[in-house]
Amino acid sequence: MSESLHLSKKRASYTPEFKLEIVEKSYQPGVCVAHLAREYGINDNLLFTWRQRYRHLLPDDVQRLLPDTPSVIPVVVSDMPLSYSAEPAYETVAPTHTDGLTCDVSVGGASLRLTGNLSPTILKALIRELRWGRS
């Protein structure tokens, strides 16, 4: 009679210090989170989970670099005549309602209108992305 061997795979265990170190590195400018995860031999999704879970434990100088606002904001797309200007045209419109601002942005042939509670952080991020795009 043969006995079958049951080999169970042990789940990896990481110290809180290790997790925090990698989370901090993942928020440095220009770092690709997926590449960093592979460099340390962990799954990309695990690092994204750690980023959410341990973000509040990061040093103040790193937390100051993080956005304070959600990365998703409401957007309404509308038809607009094509503009042949190579430079982005930024136009802030006075609020027509009491729940926030409206901001119209035109770049090339595209137009974007943002309404609601727009913080300077959101507007700066929008302008930065329109100018240089994501790296």
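One structure accompanies this document, and this report is about it. If you're wondering where the values come from, they're calculated on a predicted model, not measured in any experiment.

## Considerations on the overall build of the chain
Next, step 1: Across its full length, the chain holds five helices and three strands.
Next, step 2: Moving toward the C terminus, one meets the helices and strands of the chain in the order α-α-α-α-β-β-β-α.
Next, step 3: The buried share among the 135 residues of the chain stands at 24%.
Next, step 4: Once local pairs closer than 6 in sequence are excluded, the contacts in the chain between residues at least 24 apart make up 40%.
Next, step 5: When the accessible surface of the chain is split by element, carbon and sulfur atoms take 55% of a total near 10,700 Å².

## Things to note about the environment of Leu46
Next, step 1: The residue Leu46 is located in helix α3 (residues 44-54) in this model.
Next, step 2: Among the residues examined, Leu46 registers a relative accessible area of 30% and is labelled partly exposed.

## Topic: the side chain of Arg51
Next, step 1: Tracing the backbone through its elements, the reader meets Arg51 in helix α3.
Next, step 2: Look at Arg51: it is buried, it has no salt bridge, and the nearest opposite charge is Asp44 at 11 Å.
Next, step 3: Not counting the four nearest positions on each side in its chain, Arg51 is found in contact with Val23, Ser26, Tyr27 and Val33.

## Observations concerning helix α1 (residues 16-26)
Given 3.6 residues per helical turn, the α-helix brings residues three or four places apart onto the same face.
Next, step 1: Within α1, burial applies to Lys19, Ile22, Val23 and Ser26. Seen from one end, α1 has its buried residues packed into an arc of 100°, which puts them on one side.

## Considering the pattern of salt bridges
Opposite charge on two side chains permits them to pair, given that their charged atoms come into close proximity.
Next, step 1: According to the stated counting rule, one finds two salt bridges in the structure shown.
Next, step 2: Two residues, Lys25 and Glu21, come together in a salt bridge whose shortest N-O distance is 3.4 Å. Highlighted residues: Lys25 and Glu21, both in helix α1, separated by four residues, approximately one helical turn.
Next, step 3: Judged by its relative accessible area of 38%, Glu21 is partly exposed.

## A few points about the packing of aromatic side chains
Next, step 1: Summed over the entire model, instances satisfying the criterion amount to four aromatic pairs.
Next, step 2: When the ring of Tyr14 is compared with that of Trp50, the centres are 5.3 Å apart and the planes differ by 75°; the resulting orientation is edge-to-face. Taken together, the positions of Tyr14 in the segment before α1 and Trp50 in helix α3 put the pair 36 residues apart, joining distant regions of the chain.
Next, step 3: The class of Tyr14 is partly exposed, set by a relative accessible area of 27%.
Next, step 4: Above the face of the Tyr27 ring, Arg51 is positioned so that its terminal group lies 3.9 Å from the ring centre.

Cut-offs applied
Residues numbered from 1 in each chain as written. Predicted model: local features only at pLDDT ≥ 70, side-chain atom pairs only at ≥ 80, totals over all residues. Heavy atoms only, no water. Helix = DSSP H or I, 4+ residues; strand = E, 2+ residues; numbered from the N terminus. Buried < 20%, exposed > 50% of the residue type's maximum accessible area, 1.4 Å probe, protein only. Contact = heavy atoms within 4.5 Å. Areas by Shrake-Rupley, 256 points an atom, 1.4 Å probe, with all protein chains shown as cover. Lys, Arg positive; Asp, Glu negative; His and termini not counted. Salt bridge = Lys/Arg side-chain N within 4 Å of Asp/Glu carboxyl O. Arc of directions from axis to C-beta. Phe/Tyr/Trp six-rings, centres within 6.5 Å; stacked < 30°, edge-to-face > 60°. Lys NZ or Arg CZ within 6 Å of the ring centre and 35° of its normal.

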